[in-house]
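Here's the letter readout for the chains.
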Amino acid sequence: DAHKALLTTKEYELLKSLVACGQGHLFSHWQAPGIGDGDKRRQVAQLMALHGSYHGGITAYISNAKKLLQDSKEGKNPFEGYTPKVPHGERLDFASAEYLQLEEAGLREAGRSAFVLVAGGLGERLGYSGIKVALPAENASGTCFLELYIQYILALQVRSGASQPLPLTIMTSDDTHARTEELLTKNSYFGMKAGQITLIKQEKVACLTDNEAHLALDPQDPFLIQTKPHGHGDVHALLHSSGLASKWKETGLKWVCFFQDTNALVFRALIAALAVSAKHDYDMNSLAVPRKAKEAIGAISLLEHRDGSTLTINVEYNQLDPLLRATINKEGDVNDTTGWSPFPGNINQLVLKLDSYVQQLSRTGGVISEFVNPKYKDSTKTVFKSSTRLECMMQDYPKALPQGSKVGFTTINQVWASYSPVKNSPADALAKFKEGNPTHSATSGEMDIYRCNCLTLKSLTGMEMPEVIGSVAYNGIEVEDYPKVVLSPRFAPLLKDIQEKIALGSIRLAPGAVLILDGPDISVKGPLTIDGALVVRSVLGSKVSIGRLDVKNAGWEWRALEEGQADATEEERIRGFRVIQKETKEYEFKQPGVCAIASPMLYKQS
Ligand code: UGB
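All values derive from a computational prediction rather than experimental measurement.

Participant: Tell me about the overall build of the protein, and please be specific about residues and values.
Facilitator: Assigned secondary structure in the protein consists of 15 helices and 34 strands. Taken over the C-alpha trace, the protein has a radius of gyration of 26 Å; the compact-globule value for 606 residues is 25 Å, and the two agree within 12%. The C-alpha extent of the protein, read off along each of the three principal axes, is 90 × 60 × 55 Å. Sorting the 606 residues of the protein into buried and exposed places 54% on the buried side. For the protein, restricting intrachain contacts to residue pairs at least 6 apart in sequence, the fraction spanning at least 24 positions comes to 70%. Carbon and sulfur atoms provide 50% of the accessible area of the protein, an area that totals close to 25,800 Å². Averaging the positions of the 66 positive and the 69 negative side-chain charges in the protein gives two centres separated by 2 Å.

So, in structure tokens, the structure goes:
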């Protein structure tokens, strides 16, 4: 009360309610009015901001935290009463005839979709100081993740004949917002219209020091509350409060597609998933991959409650095993006769139906059920190793959906075709590699793009490449050394484009070959043989046809970095290599016209 004059009525009320719910320690170091008032004002302003950005205010946050911390201490099973089953879904063979048909149908749906990239996470786990969307997806073309995603959306917009620019929303956080904005403006939005992209920023939440949910003061600054990210689940509340979701519905869009910051393969799977959503009228469709039992990847499960209700939801792998043991299988999480877990592995790329999404947002405000994951000092579970906070995940959206909602999955049977995120530091990735697990590293993220392009070209066009693909080690991680093929979204947003633009059996690649095709109207008639590096780029309106062409040059080398190589950039260090471009055959068509490339000379017809 002594500080009442320093506070507005709202601030005074908030501080009073904080003291009433056991947070008096936040102010116990305050000296008499007049001493350190500036710091006190700073602390109050932060508390007001935390209060304003959490649904129900900061006191609701504290009471939610108390309950979840109590449940965690008691080891309460969040799936008590539920029996897991395999949910409804489709399992697709990448590049099969059925898959190509689905892509065709999915393209129509893509033209009625909004796209949401969750990019609030900083690359701490990756050991990268920049924003992850600015990282090159691969170093052959140097295209960064954000540009790659934008190129895909723009290509889908054109190809689907969409009646309006397809909106892209990017969720940022204080850690990523300014740098994401800068990346976009510096690069003229990578070709999108400025109004086509919206940034929504998530706020952090207060940290908690103990089971009584005392808020944590920063040890370096007692007038600052420690904060941490609340998780990607915030995206739903932000799409509600910004009015974006309902605006999309009003403009006639049908779907919202969510994706993560560093999976370059996402659009190879998303289009087919959109068709599956439309076919089954799914309210929510999760893209998935085949999962080995006990693999550290969430499992999409249909949970049947003993009261008769059901819920289709991602169950984290550490929760799935005990749940299975307690219900249908004493062995827990085991493979079935196919050698795989019957439960699909969640890769957190989601397609939501806008109709039910908007209804759901207006019912719940987009609030997603939270969890807490404190790291305890010992088994008494009374002291934390470090402060914790409440979190929420976007894939928990179905928890609040009404009974009868349609929630399913789309598994792409070939993991190499749909999922290779860049998440782990070289050291963590090496440990995963040694355990025989996917490394999800910057190294594998790049190499898997080349692998996917090579295998796709082989399957759709009969491309010839070395029978045996050797392996190579970067940062101690062994990867298959496929020829470095990049097919830009401008060239082939769909598999059908690859099939139509590249003649059967027209390409033969020698080991170590590099091929970059980047332009909306390039076709290969062949025979095209590459023993070295070939780059073909063209602008819109330039029709390029590659006929008989033999490319033989010194090519490019993905050279492993030396131990402690001083001149390596951070981007190179996390991959473990540097690309040396020794010699390149390069064709760049900057003007509209019709051009034919063939050995030994280039014919330019107009
Ligand atoms: N992200 C945000 O935008 N805000 C946040 O507060 C946090 C993250 P991570 P995570 O694919 O293997 C997810 O950290 O959360 C963005 C699924 O939950 O890379 O550990 C961030 O920028 C998990 O079920 O992953 O795990 C990034 O784009 C599993 O599917 C995205 O959210 C796992 O991904 C994911 O953040 C996986």
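Participant: An account of the sheet that holds strand 24 (residues 514–518) is requested, with residue identities and associated values reported.
Facilitator: Taken together, the four strands give an open sheet; going across it, the order is 22-24-27-32, and neighbouring strands pair in parallel fashion. The open sheet terminates on both sides in strands that have one partner only, identified here as strand 22 (484–487) and strand 32 (585–589). Neighbour-to-neighbour, the strand axes of the sheet open up by a mean angle of 5°, direction not taken into account. As paired elements, strand 22 and strand 24 share four bridges and run parallel to each other.

Participant: An account of the site of the ligand is requested, with residue identities and associated values reported.
Facilitator: Neighbouring the ligand are 20 residues; Val-118, Gly-120, Gln-202, Asp-261 and Tyr-419 lie closest to it. The separation between an oxygen atom of the ligand and a polar main-chain atom of Gly-121 is 2.9 Å. Relative to its unbound accessible area of 700 Å², the ligand is 82% covered by the protein chains. Split into classes, the residues belonging to the shell around the ligand amount to six nonpolar, ten polar and four charged.

Participant: I'd like a description of helix 4 (residues 97–110), backed by residues and values.
Facilitator: What sets the pattern is the α-helix's 3.6 residues per turn: residues three or four places apart point alike. Along its 14 residues, helix 4 runs 20 Å from first to last C-alpha, staying within 8% of the 20 Å computed at 1.5 Å per residue. Those residues of helix 4 that sit buried are Tyr-99, Leu-100, Leu-102, Glu-103, Gly-106, Leu-107, Glu-109 and Ala-110.

Participant: Help me get a handle on the packing of aromatic side chains, residues and values and all.
Facilitator: A complete count under the given rule lists 16 aromatic pairs for this structure. A ring pair is formed by Tyr-450 and Trp-558, whose centres lie 5.7 Å apart and whose planes are at 85°; its orientation type is edge-to-face. Taken as a pair, Tyr-450 in helix 13 (residues 442–461) and Trp-558 in strand 30 (residues 556–560) lie far apart in primary sequence, 108 residues in all. Trp-558 shares its class with Tyr-450; the two are buried.

Participant: Go over the layout of surface pockets, please, and point to the residues and values.
Facilitator: The volume enclosed by the second largest pocket comes to roughly 760 Å³. As for the second largest pocket, its lining consists of 37 residues, of which Gln-151, Ser-488, Pro-489, Arg-490 and Phe-491 are closest to the centre. Mapped onto the lining of the second largest pocket, the elements with two or more residues apiece are helix 5 (145–160), helix 13, strand 22, helix 14 (495–501), strand 27 (533–538) and strand 32. If one sorts the elements of the lining of the second largest pocket by residue count, helix 5 sits on top with eight residues.

Participant: Describe the nonpolar core, and please don't skip the residues or the numbers.
Facilitator: Judged by nonpolar contacts, the single largest core of 100 residues is most densely connected at Phe-115, Leu-146, Leu-168, Phe-267, Leu-517 and Val-536. Beyond its immediate stretch of four places on either side in the chain, Leu-517 contacts Val-486, Leu-487, Ser-488, Phe-491, Ile-502, Ile-522, Val-524, Val-536 and Ile-546. Of all hydrophobic cores here, the second largest spans 28 residues; its members include Leu-50, Ala-206, Phe-223 and Tyr-376.

Participant: Break down the environment of His-305 for me, with residues and values.
Facilitator: By the secondary structure assignment, His-305 is in strand 13 (residues 299–305). Setting aside residues no more than four positions away along its own chain, His-305 makes contact with Glu-80, Gly-81 and Tyr-82. A distance of 3.1 Å separates the side chain of His-305 from the backbone nitrogen of Asp-307, its partner in a polar contact.

Participant: Can you tell me about the side chain of Lys-204, naming the residues and giving the values?
Facilitator: Position of Lys-204 relative to the elements: it lies in the loop between strand 5 (197–201) and strand 6 (205–206). In terms of polar contacts, Lys-204 uses its side chain to reach the side chain of Asp-175, at 3.1 Å. Those residues within four positions of Lys-204 in sequence are excluded, and the remaining contacts are Leu-50, Asp-175, Thr-227, Lys-228 and Pro-229.

Participant: Describe the sheet that holds strand 23 (residues 507–509), and please don't skip the residues or the numbers.
Facilitator: Strand order in the open sheet made by the three strands is 23-26-29, with parallel pairing throughout. Looking along the sheet, the strands with just one partner apiece sit at the ends: strand 23 and strand 29 (549–552). Direction aside, neighbouring strands of the sheet carry axes that sit 5° apart on average. Inspection of the sheet shows strand 26 (residues 528–531) paired to strand 29 by four bridges, in the parallel sense. Within strand 29, the position partnered with Thr-529 by the bridge is Asp-550.

Participant: Describe the pattern of salt bridges, naming the residues involved and giving the relevant values.
Facilitator: Oppositely charged side chains are able to pair whenever their charged atoms sit close together. If you walk through the whole model with that rule in mind, you get 35 salt bridges. One salt bridge connects Glu-80 with Arg-306, and the closest N-O pair in it is separated by 3.5 Å. Placement of Glu-80 in the loop between helix 3 (57–73) and strand 1 (82–85) and of Arg-306 in the loop between strand 13 and strand 14 (310–315) is noted, with a sequence separation of 226 residues between them. The partner of Glu-90 in a salt bridge is Lys-279, with the nearest N and O atoms 2.7 Å apart. One end of the pair, Glu-90, is in strand 2 (residues 89–92); the other, Lys-279, is in helix 9 (residues 266–280), with 189 residues separating them in the sequence. Judged by its relative accessible area of 53%, Lys-279 falls in the exposed class.

Parameters at a glance
Residues numbered from 1 in each chain as written. Predicted model: local features only at pLDDT ≥ 70, side-chain atom pairs only at ≥ 80, totals over all residues. Heavy atoms only, no water. Helix = DSSP H or I, 4+ residues; strand = E, 2+ residues; numbered from the N terminus. Rg over C-alpha atoms; globule rule 2.2 N^0.38 Å. Buried < 20%, exposed > 50% of the residue type's maximum accessible area, 1.4 Å probe, protein only. Contact = heavy atoms within 4.5 Å. Areas by Shrake-Rupley, 256 points an atom, 1.4 Å probe, with all protein chains shown as cover. Lys, Arg positive; Asp, Glu negative; His and termini not counted. Charge placed at Lys NZ, Arg CZ, Asp CG, Glu CD. Pairing = 2+ DSSP bridges. Axes fitted to C-alpha atoms, helices over the stretch in contact; angles between N-to-C directions. Near = heavy atom within 4 Å. Polar contact = N/O pair within 3.5 Å; in protein donor to acceptor, adjacent residues only side chain to side chain. Nonpolar A, V, L, I, M, F, W, Y, C, P; charged D, E, K, R; others polar. Expected span 1.5 Å × (residues − 1). Phe/Tyr/Trp six-rings, centres within 6.5 Å; stacked < 30°, edge-to-face > 60°. 1 Å grid on protein atoms, 1.4 Å probe; cavity = no way out; pocket = protein on both sides within 12 Å on 5 of 7 lines; lining within 4 Å. Points joined across faces, edges and corners; volume = space filled by probe spheres on them. Core = buried A, V, L, I, M, F, W, Y, C linked by side-chain atoms within 4.5 Å. Salt bridge = Lys/Arg side-chain N within 4 Å of Asp/Glu carboxyl O.

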